[in-house]
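Descriptive structure summary
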Amino acid sequence: MKEDERWSQDCDDFKRVKKNLIERTRDNFKKKLKAIVTSQNILKDVLHRSGKLGHNTSTQIIRSANNATAKAKKILNDYNNACKELDPNFHDVVFNDIKSLESPFWDYDTSSRLNFGALREYSRQLRADEEIRLLELLTIDTFFRTRQEN
C-alpha cells in the first residue's frame, strides 16, 4: 500500500486510529466531568453545613458552584459530541443525570471489573502455587541439611 493511500479517510488504519482517539477524548471528558462534579458536591456540602459561614463566604461558594456547573455543562456537551461521533444513535446525557456521584453514569463497565477480578484471582493463585513450591524446596533443603549434620 502506498503512503498516500495508507492514511486516507477510507483506510482501515486511519479509521481505527481515529476511533481510538475519539474514545480516549471521550474518556478524558468523563474524567474532567467527575472532577468538577466532585468539587461541586464538596462546595455544596460546605455550604449546607451546620453553622454560619457569613454572607460573603456563602456567596463565594454559591458563585463557585455555579461556575463549576457552567464548566461541567460545556464539557458534557463535548462528551456528548464525542459519543455521537462513535455512535450516531447516542442519546445526550443531561447534567441532571450526572450531578450525583451515585448516578449510573459514573459506574464503570461491569464486564471489565469482572475481568479484572478474574485476573487478580488468577494472579493470587499463581502466587500461592509459587509459595507452596518454595516451602517444599525449603522443607527438602532443611531435611537434607539436618541429615548431613547427623
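Thresholds, definitions, all that
Residues numbered from 1 in each chain as written. Predicted model: local features only at pLDDT ≥ 70, side-chain atom pairs only at ≥ 80, totals over all residues. Heavy atoms only, no water. Axes fitted to C-alpha atoms, helices over the stretch in contact; angles between N-to-C directions. Helix = DSSP H or I, 4+ residues; strand = E, 2+ residues; numbered from the N terminus. Parallel < 35°, antiparallel > 145°, perpendicular 65-115°, else oblique. Left-handed = near helix turned anticlockwise from the far one by under 90°. Nonpolar A, V, L, I, M, F, W, Y, C, P; charged D, E, K, R; others polar. Buried < 20%, exposed > 50% of the residue type's maximum accessible area, 1.4 Å probe, protein only. Contact = heavy atoms within 4.5 Å. Core = buried A, V, L, I, M, F, W, Y, C linked by side-chain atoms within 4.5 Å. pLDDT = per-residue confidence, 0-100.

Each pair of packed helices can be summarised by the angle the axes make with each other and by the distance between the axes. Where helix H2 (residues 12-47) contacts helix H3 (residues 55-86), the two axes come as close as 9 Å, and the packing angle between them is 160°. Taken together, the axes of H2 and H3 lie roughly antiparallel to each other. Crossing handedness for the pair H2 and H3: left-handed. Considering only residue class, the contact of H2 with H3 consists of 18 nonpolar, 4 polar and 9 charged.

When you line up the elements, Asp97 lands in helix H4 (residues 95-98). Residue classification places Asp97 among the partly exposed residues on the basis of a relative accessible area of 45%. Once residues lying within four places of it in the same chain are set aside, the contact partners of Asp97 are Ser103 and Phe105.

A few words on the nonpolar core. Burial of nonpolar side chains together is a common tendency in soluble globular proteins. If you look at the biggest cluster of nonpolar residues, it comprises 15 residues, and the most contacted ones within it are Leu33, Leu76, Tyr79, Ile98 and Phe105. The biggest single contributor to this core is H3, with 6 residues. Setting aside residues no more than four positions away along its own chain, Tyr79 makes contact with Arg26, Phe29, Lys30, Leu33, Phe90, Val93 and Phe105.

Our focus in this paragraph is the confidence of the model for the protein chain. Put simply, the protein chain has an average pLDDT of 82, and 87% of its residues get 70 or more. When pLDDT is averaged over each element of the protein chain, H3 comes out on top at 89 and helix H1 (residues 3-6) at the bottom at 59.

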